Amino acid sequence: MPLKFQDLSHDEKQKIWETLNSGSYYLFIGSGISLDSENATERMMSASSLTERLQALTTLGPTTTLQQNYRLLDEKQVKDELTDAYTCKKAGPTVSLLANTKWKRVYTLNIDNCFEKSVEEAVSNYKLPDNTLSVYNFDDLFSDQSPTEIHSVVHLHGTVEKPDSGYVFSHTEYAREMSRQNSWMATLTQLMKAEPFIVAGTSLEEIDVEFYLQQHAGKSASDPNRVQSILIEPFPNRLTERACDDHNLVLFEGTTEEFYAELAEDFPPPTSPYTSYRPVDALFPGLEPQKQILFEASFEVVPKKVEADKKGNRFLLGAPLTWEMIAAEADIYRNAISRFDRDVELALKSEELGKVYLAEPGAGKSAIMRRAAFRAAKKFHHVFYFTGFERMPEKEAAEVLNSISSDTIVFFDNAADFISYFVGIFEALTKKNIAFVGMERIYRHPYLKDAVTEYPVELIRLPLNLEKSEAQKLLSKNESAGFSNVSQKKNFDRNKVINDILSEPISVANCRIQNNFITFDALIHELIKDTSNEELKFFVLTSLARHSYSGGVSKAVLHSIPDRGNFGEIDNVYARLPVVMAPAAPGYIVPARAVVSERVLEVLKRAKPDLLLLCLVELSINLAPRVNRKTISARTPEAKLSGGLMDFDRTIQRFIDPLAEAFYEQISEAWDWNSRYWEQLALLKLSRFLEDQSDQFLLQESIQHARYAYSIDEHPLSLTTLAKTLFAALESGHGDREAIFGEGWNLIYNAIEIEKGWTRVKPTAFIVAFKGALTFVEGGGQFSGEQADEIREALAITHQRKLNDRKLNDLRTDIRRYVQK
């Protein structure tokens, strides 16, 4: 027998109410919620009533299905019996009740627009902006929900508001959409595995309802912290009860209105999304509510004062550092913080925009910056911390910052992942009394240098080697928290172990203190050995994601991957290889200690390369439904993560080079629409050719893959990749030198012409261009007059845009002597 809502304890019902009130439930609805709504002449029909009506129209007989009858309708009949019949003129009380509740997103099997009608009426009554409602049809591109939207509705079967797309009624049509990997259907199956749902107004006999509910994991042993999902059904039968039992759904026996009424017996009504739309506190006078919502989704206001977290010691075990933990002095005060205090004030008074500090992985850079931000908030009126979500477009963010008259400081971590966004802000800034303070791992210095070369942003190497006083504090704090008792052992030499960890980054030193001071490599091997295969896979998935994109991977994507560990271990910092929710991004998961995750990957690339391949493939495939040209343009976390995972140089070659071909082959079905996929495959083939130039077919494959990428997307990146492969052919002596160089040069110069109009210009295209030109001319070629002029123009652009890469500087010097007039 299923668990029934009426049998839940008060505490269980309270958790359901709190989840509903906070807008953390997804809603999945069918035709039953629209039966008390009206079209132009009558109430909306149920699926059974519609079937009877179509049976009479087609004369197929009473034993035929809705799907069979629908297939015989002509264009006019579809308009009369479906589009017009299900166009809402008056929203009923049931759908209005649901529309007055905040949802993470609404998925509907209905073609009617009753839910939208109710929302539009409420938006008009409350005088809210029209763009607070988004509606997606099954054939629309996947899109994340904007923080400014009150409701986001996805029609899985079509909608009367987009009749030209047709309706998905027949089993054949539904199967066709499934086989196409429809992004809305695919992402819904992921969410069903990971998130709480309220299901209302559906018939469990429908093929798609059964399909989606089969994905639902509910509150299970693998995720014990997940809140219950609920099926609202006024007339349940034994099949309904069996389905609820099978799919871990709590059954509420009654109508939707009765469900709300029963909740109201013990709890207040859920907060209306319309009355709570406006921010509680104005960020500053004159800022529109929608802009404030978007801005705060991108830039967290650093609090001036918070209540200390009594459990702050968990930070030593890998828990993300919060403002409350800083208030509790959970972190170790680092002497480098005083430099931040001084540099921030200097930046505010100078002409420079700010500074980006670079430190070794595991050196404690993120903790230092968060503490520096917390200290700055006590002194300056406007201090912000970047959330990692580029919700507000750069120009709009700059407008908001420009409108602040007082001194302003913006802190941002993992700078390389977001530097394009900040460069866009820099371009539109007019405000002078503002400073940007960033942090990044030192090995990403070249990337950052290329990005900010045109802006007064200083890149600073920040030595964060442990000082003796800091190491002593770290050991004492672990001892007082009960995380280390090594000092109680016989012959313990405190000075010796302190001196031993001074050469380590603080994260490594902290791990060693908690593990009897064994070497870090020995500790990593021990952790891997003591971890089950499932838990190790879970950690590897999050580690690969964290390496590819600092924001991590969403819980929903991880849930869709089989044979991975227990979700109850998230935020369990006592686990052998702990993973945690990203501090500024609820729903996204990262390894608790990045330095441990990087070392685990280095060990496993030799010990278990097949595991790394499997995890890279499964992450890439399960991210695919969430990525399209629209989300790539919007630089969503999933788009950035998938790009990082596919990157041959940064990820694939580093971790699974011998298995690289297998990786790209296994993800091809999900990603062969994407130009980046073919660019990376071209770079793989080029790398293999350069290793052994006896196989000319590798070079030809590389060129053809690059051509295909360019045919998909005429972008400077694909132009540059194709030019690079052609110049490789030129260097290897294959083909007509004049023709190959002519084509390659035209491509790369076209890329340069496009990029020179951009806010940010990278040296990559210029390096490829000058290297290719040198290969040609030093091999006996001769530039045409036009080519020489274009080379001089390219040289001038590199100086105008202040590109200062070492490799570029050498190439400029070499090529200049061949084109001097």
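Structure: see above.
Residues numbered from 1 in each chain as written. Predicted model: local features only at pLDDT ≥ 70, side-chain atom pairs only at ≥ 80, totals over all residues. Heavy atoms only, no water.

Let's talk about the overall build of the chain
Keep this limit in mind: Secondary structure elements follow DSSP: runs of H or I of four or more residues count as helices, runs of E of two or more count as strands, with numbering from the N terminus. Put simply, the radius of gyration uses C-alpha atoms, and a globule should come to 2.2 Å times the residue count raised to 0.38. Throughout, exposure labels follow a simple rule: accessible area from a 1.4 Å probe, protein chains only, divided by the maximum for the residue type, with under 20% read as buried, over 50% as exposed, and the rest as partly exposed. Here, residues are in contact when the closest pair of their heavy atoms is within 4.5 Å. Under the convention used here, a 1.4 Å probe and the Shrake-Rupley method define accessible areas, while residue burial counts only the protein chains that appear.
Per the secondary structure count, the chain includes 38 helices and 16 strands. Relative to the 2.2 N^0.38 estimate, which gives 28 Å for 821 residues, the radius of gyration of the chain is 30 Å and therefore close to what a compact globule would have. Counting only C-alpha atoms and orienting by the principal axes, one finds that the chain spans roughly 85 × 75 × 55 Å. Buried residues in the chain amount to 57% of all 821 residues. For the chain, restricting intrachain contacts to residue pairs at least 6 apart in sequence, the fraction spanning at least 24 positions comes to 74%. When the accessible surface of the chain is totalled, it reaches about 35000 Å², and 49% of it is carbon and sulfur.

Some points on the environment of L109
Mapped onto the elements of the fold, L109 is located in the loop between strand 2 (106-108) and helix 6 (114-125). Classification of L109 as buried rests on a relative accessible area of 11%. Linking L109 and G30, residues 79 residues apart in sequence, is a C-alpha distance of 5.1 Å. When sequence neighbours within four positions are dropped, the list of residues in contact with L109 reads F28, I29, L156, H157, T202, D208 and V209.

Examining the pairing of strand 3 (residues 133-137)
Condition: By this definition, two strands are paired if DSSP reports at least two bridges between them.
Along strand 3, 4 of the 5 residues are buried, which leaves the element largely enclosed by surrounding structure. Bridging between strand 3 and strand 4 (residues 151-155) involves 5 bridges; their strand directions are parallel. In the strand pairing of strand 4, L133 is matched with H151.

Observations regarding the pattern of salt bridges
Here is the rule: Salt bridges, as used here, are contacts in which a Lys or Arg side-chain nitrogen is within 4 Å of a carboxyl oxygen on Asp or Glu.
Per the stated rule, a full pass over the model turns up 50 salt bridges. E691 is the partner of R688 in a salt bridge, and the nearest nitrogen-oxygen pair spans 3.8 Å. Of this pair, R688 and E691 both sit in helix 32 (residues 675-691), separated by 3 residues, roughly a single helical turn. On the basis of relative accessible area, R688 is assigned to the buried category, the value being 12%. Residue classification places E691 among the exposed positions, given a relative accessible area of 54%. Among the ionic pairs, K756 bridges to E793, the shortest N-O distance being 3.9 Å. Remark: E793 occurs in helix 37 (residues 785-800) and K756 occurs in the loop between helix 35 (737-755) and helix 36 (764-778); sequence separation between them is 37 residues. Within this structure, E390, E394, R635 and K640 form a network of salt bridges that share partners.

Observations regarding the packing of aromatic side chains
To keep things clear, this is the line we draw: Pairing of aromatic rings covers Phe, Tyr and the six-membered ring of Trp, with a centre-to-centre limit of 6.5 Å; geometry is then stacked below 30 degrees between planes, edge-to-face above 60, and tilted otherwise.
For the coordinates displayed, the defined rule picks out 41 aromatic pairs. Ring geometry for F766 against F770: centres 6.4 Å apart, planes inclined by 45 degrees, an arrangement best described as tilted. Taken as a pair, F766 and F770 lie in helix 36 at a separation of 4 residues, close to a single helical turn. Take F766 and F770: they sit in the same class, and that class is buried. Aromatic side chains F776 and F783 sit 6.0 Å apart centroid to centroid with 40 degrees between the ring planes, which places their arrangement in the tilted category. Classification of F783 by relative accessible area gives buried; the value is 13%.

Details of helix 19 (residues 468-481)
Heads up, the condition is: For a helix, the expected span equals 1.5 Å multiplied by the residue count minus one. Note: the arc covers the axis-to-C-beta directions of the helix.
For helix 19, with 14 residues, the first-to-last C-alpha span of 20 Å sits near the 20 Å given by 1.5 Å per residue. For helix 19, the set of buried residues is E470, A471, L474, L475 and N478. The buried residues of helix 19 all sit within an arc of 135 degrees when viewed along its axis, so they share a single face. Looking one or two residues past helix 19, G482 carries a phi angle of roughly 80 degrees, positive in sign.

Things to note about the nonpolar core
How we decide: To define a nonpolar core, start from buried Ala, Val, Leu, Ile, Met, Phe, Trp, Tyr and Cys residues and group those joined through side-chain atoms within 4.5 Å.
Within the largest apolar cluster, 96 residues are counted, with the highest numbers of intra-cluster contacts made by F299, L401, F422, I425, F436, V596 and F663. Examining the composition of this core, we find that 9 residues originate from one element, helix 17 (residues 415-428), more than from any other. Within the second largest apolar cluster, 59 residues are counted, among which are A330, I337, F411 and V497.

A few points about the side chain of H155
This is how it is decided: Two N or O atoms count as a polar contact when they lie within 3.5 Å, although within protein this holds only if one can serve as hydrogen donor and the other as acceptor, and sequence-adjacent residues are included solely when both atoms are side-chain atoms.
With respect to the element layout, H155 can be found in strand 4. Among the polar contacts made by the side chain of H155, one reaches the main-chain carbonyl oxygen of G158 at a distance of 3.5 Å. In this structure H155 touches T108, N110, I111, D112, E116, V135, Y136, N137 and F138, once residues within four positions along its chain are discounted.

With respect to the sheet that holds strand 6 (residues 229-233)
Whether parallel or antiparallel, the strands of a sheet pair through hydrogen bonds between backbone atoms. Stated precisely, the cut-off is as follows: With axes taken as lines fitted to C-alpha atoms, and helix axes fitted only over the stretch in contact, angles between N-to-C directions fall between 0 and 180 degrees.
Here 7 strands make up an open sheet; going across it, the order is 3-4-2-1-5-6-7 and the pairing parallel. The open sheet has two edge strands with one neighbour each: strand 3 and strand 7 (249-253). The sheet shows a mean angle of 20 degrees between the axes of neighbouring strands, direction not considered. With 3 bridges joining them, strand 2 and strand 4 adopt parallel strand pairing.

Concerning the pairing of strand 9 (residues 354-359)
For strand 9, the tally of buried residues reaches 6 of 6 residues, placing the bulk of the element in the interior. Every second residue of strand 9 is oriented toward a common face, with G354, V356 and L358 on one face and K355, Y357 and A359 on the other, all of them buried. Here 6 bridges tie strand 9 to strand 12 (residues 434-441), and the two strands are oriented parallel to one another. Note on strand 12: the bridge partner recorded for L358 is E440. Where strand 9 lies against strand 13 (residues 457-461), 5 bridges are found, and the strand directions are parallel.

With respect to the packing of helix 22 (residues 520-529) against helix 25 (residues 594-607)
Condition: Comment on the angle field: the value is read as roughly parallel under 35 degrees, roughly antiparallel over 145, roughly perpendicular from 65 to 115, and oblique elsewhere.
Running from N to C, helix 22 and helix 25 point in directions that differ by 75 degrees, and their axes come no closer than 10 Å. For the element pair helix 22 / helix 25, the angle class is roughly perpendicular. Contacts between helix 22 and helix 25 involve F520, D521, I524, H525, L527 and I528 on the former and, on the latter, V595, V596, R599, V600, V603 and L604.

Remarks on the sheet that holds strand 13
With mixed pairing, the 6 strands of this open sheet are ordered in space as 8-10-11-12-9-13. In the strand order of this sheet, the two ends are held by strand 8 (299-301) and strand 13, each with one partner. Between one strand axis and the next, the sheet turns through 20 degrees on average, direction left out of account. Pairing between strand 10 (residues 382-386) and strand 11 (residues 408-412): 4 bridges, direction parallel. The partner of Y385 across the bridge, within strand 11, is F411.

So, helix 37
In this model, helix 37 (16 residues) spans 23 Å end to end at C-alpha, consistent with the 22 Å of a helix rising 1.5 Å per residue. Those residues of helix 37 that fall on the buried side of the exposure criterion are Q787, A788, E790, I791, A794, L795, I797 and T798. Buried residues along helix 37 sit in contact with helix 35, helix 36 and helix 38 (806-819). Once helix 37 ends, the next one or two residues include K802, with phi positive near 55 degrees.

Some points on the packing of helix 14 (residues 337-349) against helix 15 (residues 365-379)
Note the threshold: Note on convention: the crossing is left-handed when the near helix lies turned anticlockwise from the far helix by less than a right angle, right-handed when the turn is clockwise.
It is at 10 Å that the axes of helix 14 and helix 15 come closest, and there the two elements cross at 50 degrees. It follows that helix 14 is oblique to helix 15 by the angle criterion. The handedness of the crossing between helix 14 and helix 15 is right-handed. Residue-level inspection shows I337, F340, D341 and E345 of helix 14 in contact with helix 15, the latter providing I368, M369, R371, A372, R375 and K379.

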